[in-house]
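Residue-level listing of the chains:
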Amino acid sequence: MRLPLPVTKPDEYLQALQYIVFGSIILYFGSTLFVPLSFAVLISFVLYPICAWLEKKGIGRLTSILLSTILLLALGIAAIGLLIQQFASFLKEWSVIKVKLAESLDELSRFFINYYSISKDQQDHFINQLFNQSSGDLVQLIQQTLSASAFWVVMIVLIPVFAVLILYYRHLLVEVVFRLFPNERKESIKNILFLTINTYYNFIKGMILVYVIVGALNSIGLLLLGVPHAVFFGFVAAILTFIPYVGIMVGALLPMAMAWITYNSIWYAVGVVGIFAFVQYLEANVIFPLAVSNRLNINALATLVAILVGGILWGFAGMILFVPFLAIIKLVADHHPKMKTWSILLGKNT
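This structure is a prediction, so every number in the text was calculated from the model and none was measured.

K.L.:
How should the overall build of the protein be read in this particular structure?
P.N.:
Within the protein one finds 13 helices and zero strands. Taken from the N to the C terminus, the helices and strands of the protein come in the order α-α-α-α-α-α-α-α-α-α-α-α-α. Taking all 350 residues of the protein together, the buried fraction comes to 30%. The long-range share in the protein, meaning contacts at least 24 apart out of those at least 6 apart in sequence, stands at 67%. Carbon and sulfur atoms form 71% of the exposed surface of the protein, whose accessible area is close to 22,900 Å².

Structure below.
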């Protein structure tokens with residue numbers, strides 16, 4: 001007996017496409033508002049268990065929220081302060097580094113002269129042409145950087161304020177969410193909210209541990225190799241790993257250059273690549289699975305698409321935020337029968 005084929009509903013897919021298109025337009029033009037709100041929502045997910053625990057101990061809601069927010073800010077400032085201290089130590093040796101860099105560039109110039117018969121005048125002419133062509137772009141880049149810096153200064157002030165207000169009015173916001181759906185869906189919505197908050201709290205704790213372990217291993221490897229400022233380079237590379245595939249390559253460039261300049265040998269730069277590659281292998285196959293008990297169960301294709309779409313719509317902030325958004329959609333899809341197709345599309349099961 002042949003089973004009837006499922007009936008497709010093109011209207012539903014067309015409606016979903018319309019939601020995606022119009023939603024993307026709203027997100028693009030409303031990025032100034034939605035970016036700080038999105039960061040604040042994710043931060044509130046992380047802080048909520050701490051606030052709830054403090055409130056159970058008899059501490060007032062506002063006091064609990066302020067204490068947990070101040071603790072998070074203190075940890076962030078301490079981490080940034082450590083990196084600034086290491087960077088300042090790096091700058092103290094800039095005069096020596098500049099001399100070694102000049103020697104390395106001189107050796108590179110002689111290499112082009114001896115093996116490719118490119119004279120010093122030709123090299124200087126090419127460099128001058130390149131500088132003249134890029135000078136206008138450099139000014140534009142500086143202007144964009146200053147504008148982006150001013151924007152992020154405002155964001156740094158607004159995001160904690162939004163997070164505090166979201167936590168303070170969380171019961172009101174949850175009640176509004178309940179009213180948007182039928183009564184029979186309230187229990188399901190409550191479970192999804194609890195699962196989202198619990199998952200992200202454990203995930204963020206695990207990821208902090210991952211970054212600390214990876215930064216420590218990078219630093220130990222660079223110290224054994226004899227690369228100066230190993231702690232600074234090791235932890236910067238660890239932090240940049242939140243950008244898949246590209247971050248670790250960017251993080252490796254500066255210690256590779258430092259190793260090459262310090263020892264005048266390409267093999268030390270190759271050693272830096274070997275150390276970072278080994279640590280990345282440990283992070284992907286050992287550290288991350290052990291440290292993060294509740295992984296975000298999203299496949300690599302969906303993750304990369306989310307990063308690209310986030311970059312198109314919101315720039316660098318979107319590359320960070322859209323992966324958590326996708327994970328929330330996956331959690332909702334897992335608990336909604338009508339979204340089973342999206343759950344399969346985003347999941348890792350093959």
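K.L.:
Explain the packing of helix 7 (residues 186-225) against helix 8 (residues 230-240) here, please?
P.N.:
When two helices pack together, their arrangement is captured by the angle between the axes and the distance separating the axes. Where helix 7 contacts helix 8, the axes come no closer than 7 Å and their chain directions differ by 140 degrees. Here helix 7 is positioned oblique relative to helix 8, judged by the angle of their axes. Considering how the two elements wind past one another, helix 7 and helix 8 form a crossing that is right-handed. Residue-level contacts link Y211, V212, V214, G215, A216, N218, S219, L222 and L223 of helix 7 to A230, V231, F233, G234, F235, A237, A238 and I239 of helix 8. Taken together, the residues that form the contact of helix 7 with helix 8 break down as 13 nonpolar, four polar and no charged.

K.L.:
What's the story with a nonpolar patch on the surface in this structure? I'm lost.
P.N.:
Together, L62, L66, I70, V161, L165, Y168, Y169, L172, L173, V176, L180 and F181 line one region of the surface with nonpolar side chains, adding up to about 1,100 Å² of accessible area. With respect to the element layout, L172 can be found in helix 6 (residues 170-179).

K.L.:
How do you make sense of unusual backbone geometry when you look at a structure like this?
P.N.:
One non-glycine residue, H229, adopts positive backbone phi at about 55 degrees. Inspection of the secondary structure assignment puts H229 in the loop between helix 7 and helix 8. By relative accessible area, which is 12% here, H229 ends up buried.

K.L.:
What is the right way to look at the environment of I344 in this model?
P.N.:
Relative to the elements of secondary structure, I344 occurs in helix 13 (residues 340-346). Taking relative accessible area as the criterion, I344 reaches 58% and is therefore assigned exposed. I344 sits 45 residues away from N299 along the chain, and the two C-alpha atoms are 9.9 Å apart.

K.L.:
Help me understand the side chain of T69 in this model?
P.N.:
Take T69: it is sitting in helix 3 (residues 61-92). Residues in contact with T69, not counting those within four places in the same chain, are L47, P160 and V164.

K.L.:
Please explain helix 2 (residues 31-56) as it appears in this structure.
P.N.:
Because an α-helix completes one turn every 3.6 residues, residues spaced three or four positions apart along the sequence face the same direction. If you check helix 2, its first and last C-alpha atoms are 36 Å apart, about what 26 residues at 1.5 Å a residue would give, namely 38 Å. Positive phi appears at G58, one or two residues downstream of helix 2, with a value of about 95 degrees.

K.L.:
Would you mind going over the pattern of salt bridges with me for this structure?
P.N.:
For side chains of opposite charge, pairing can occur when their charged atoms come near one another. All chains considered together, the criterion is met by three salt bridges. Across the pair R170 and E55 runs a salt bridge, and its minimum N-O distance is 2.8 Å. With R170 in helix 6 and E55 in helix 2, this residue pair connects regions lying 115 residues apart in the sequence. For E55, a relative accessible area of 24% puts it in the partly exposed group. When the shortest N-O distance is used, the salt bridge between D106 and R110 registers 2.3 Å. Of the two residues, D106 and R110 both sit in helix 4 (residues 94-116), four residues apart, roughly one turn of that helix.

K.L.:
Honestly, the packing of aromatic side chains in this entry has me stumped. Any pointers?
P.N.:
In this description, an aromatic ring pair is defined by two values, namely the gap between the centres and the angle between the planes. For the coordinates displayed, the defined rule picks out six aromatic pairs. Measuring from ring centre to ring centre gives 5.0 Å for Y168 and Y169, while their planes differ by 90 degrees; the resulting arrangement is edge-to-face. Exposure remark for Y168: the relative accessible area of 32% places this residue in the partly exposed category. Judged by relative accessible area, Y169 falls into the partly exposed class, the value being 42%. Each ring, one from F322 and one from F325, has its centre 5.7 Å from the other, and the planes form 50 degrees; the classification is tilted.

K.L.:
Please clarify how the confidence of the model for the protein should be interpreted in this entry.
P.N.:
Interpretation of the predicted coordinates at a detailed level should be avoided for regions scoring low in pLDDT. With 82% of its residues at a pLDDT of 70 or more, the protein has an overall mean of 77. Across the protein, helix 2 holds the top mean pLDDT of 87, while helix 5 (residues 120-168) sits lowest at 71. Taken together, the stretch residues 1-8 has pLDDT below 50 and engages in zero contacts with residues farther than four places along the chain or on a different chain.

K.L.:
Help me out: how do you make sense of the packing of helix 6 against helix 7 in this one?
P.N.:
Contact geometry of helix 6 with helix 7 gives a least axis separation of 10 Å together with a crossing angle of 135 degrees. Classed by the angle they form, the pair helix 6 and helix 7 counts as oblique. You can see that helix 6 and helix 7 cross each other, and the crossing is right-handed. Residues V174, V177 and F178 of helix 6 lie in contact with helix 7, whose contacting residues are K186, I189, K190 and L193. Within the contact of helix 6 with helix 7, the residues separate by chemical class into five nonpolar, no polar and two charged.

Reading the values: rules and limits
Residues numbered from 1 in each chain as written. Predicted model: local features only at pLDDT ≥ 70, side-chain atom pairs only at ≥ 80, totals over all residues. Heavy atoms only, no water. Helix = DSSP H or I, 4+ residues; strand = E, 2+ residues; numbered from the N terminus. Buried < 20%, exposed > 50% of the residue type's maximum accessible area, 1.4 Å probe, protein only. Contact = heavy atoms within 4.5 Å. Areas by Shrake-Rupley, 256 points an atom, 1.4 Å probe, with all protein chains shown as cover. Axes fitted to C-alpha atoms, helices over the stretch in contact; angles between N-to-C directions. Parallel < 35°, antiparallel > 145°, perpendicular 65-115°, else oblique. Left-handed = near helix turned anticlockwise from the far one by under 90°. Nonpolar A, V, L, I, M, F, W, Y, C, P; charged D, E, K, R; others polar. Patch = residues over 30% accessible without salt bridge, like charges linked within 9 Å, V, L, I, M, F, W, Y side chains within 5 Å. Salt bridge = Lys/Arg side-chain N within 4 Å of Asp/Glu carboxyl O. Expected span 1.5 Å × (residues − 1). Phe/Tyr/Trp six-rings, centres within 6.5 Å; stacked < 30°, edge-to-face > 60°. pLDDT = per-residue confidence, 0-100.

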